[in-house]
Amino acid sequence: MEISDNDRNQFISKMKGYEAEKKALLDDEHRLYQELDAERRRVEKANNEMKKWFWVPGYNIYLCVDAHDECARYVKKIDSVNQQKKQLQNFMDELNRQINEASASVSNIEREINKYTESIALLARKISYYNSLVFQFNEFYYQYSLLYKSIDTTSDMSSILEAVDKANEVIIELSQRETEIENQFEDGL
């Protein structure tokens, strides 16, 4: 089983899309922190102004109201940033879940491919083994035919015994070759 180029390209496109979305989310989070930092600096500035000019009658009340307004905006911004951060985190979690699912899917496909590859290799070794057995049987049958022909055409007992000895040698050789093939097959498993 092989993954088609189209499937591979779709997966790569999907992963690139996830990565782009993830980068955009991280950029948004960075922007939110920058906005929050800007608000914090405004509050600090208002606080410093108040510390510097608190002794001026009337102006100190203006500075208190201004500092209070800056603090209220800061609190609202913190709430807004926290809410946006929570939404971003939820979206990021979902995105990571989808990426993990896609990766798990690819891992499963790779495992399946490896399983099929191993099965094909095993079948190839079995075919080779059975082909060797067929060859040995054909060799044995050929030697048997020669022996039968020799017995049928010869009335001399010494020629018949010689043919039987030759057939025995071939049988022993074929038996040894079969053992070697079986060992090779078992080693290949």
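Please read all numbers here as calculations on a predicted model, not as lab measurements. (Residues numbered from 1 in each chain as written. Predicted model: local features only at pLDDT ≥ 70, side-chain atom pairs only at ≥ 80, totals over all residues. Heavy atoms only, no water.)

Draft legend 1. Focus on the overall build of the protein. Of regular secondary structure, the protein possesses three helices and zero strands. Starting at the N terminus, the α and β elements of the protein follow one another as α-α-α. Compactness check: the protein gives a C-alpha radius of gyration of 43 Å against a globular reference of 16 Å for 189 residues, more than 25% above the reference. Oriented by its inertia axes, the alpha-carbon framework of the protein measures out at about 145 × 30 × 15 Å. Taking all 189 residues of the protein together, 17% fall into the buried category. When contacts within the protein are restricted to residue pairs at least 6 apart in sequence, those whose partners lie at least 24 apart make up 76%. (Helix = DSSP H or I, 4+ residues; strand = E, 2+ residues; numbered from the N terminus. Rg over C-alpha atoms; globule rule 2.2 N^0.38 Å. Buried < 20%, exposed > 50% of the residue type's maximum accessible area, 1.4 Å probe, protein only. Contact = heavy atoms within 4.5 Å.)

Draft legend 2. Representation of a nonpolar patch on the surface within the structure. Together, Phe137, Phe140, Tyr141, Tyr144, Tyr148 and Ile171 make up a nonpolar patch on the protein surface, roughly 680 Å² of accessible area in all. Here the element with the most residues in the nonpolar patch is helix H2 (residues 59–153); it accounts for five residues. Residue placement: Ile171 occurs in helix H3 (residues 157–188). (Patch = residues over 30% accessible without salt bridge, like charges linked within 9 Å, V, L, I, M, F, W, Y side chains within 5 Å. Areas by Shrake-Rupley, 256 points an atom, 1.4 Å probe, with all protein chains shown as cover. Salt bridge = Lys/Arg side-chain N within 4 Å of Asp/Glu carboxyl O.)

Draft legend 3. Here's a closer look at the confidence of the model for the protein. Residues at a pLDDT of 70 or more form 93% of the protein, whose mean pLDDT is 78. When pLDDT is averaged over each element of the protein, H2 comes out on top at 80 and H3 at the bottom at 73. (pLDDT = per-residue confidence, 0-100.)

Draft legend 4. Inspection of the nonpolar core at higher detail. In terms of nonpolar packing, the biggest core is built from 13 residues, with Met15, Tyr18, Leu25, Leu95 and Ile99 touching the most fellow members. For this core, the secondary-structure elements that each account for two or more residues are helix H1 (5–53) and H2. It is H2 that provides the largest number of residues to this core, a total of seven residues. (Core = buried A, V, L, I, M, F, W, Y, C linked by side-chain atoms within 4.5 Å.)

Draft legend 5. Structural context of the environment of Glu182. Among the secondary structure elements, Glu182 is positioned in helix H3. For the pair Glu182 and Tyr129, spaced 53 residues apart in the sequence, the C-alpha separation amounts to 7.3 Å.

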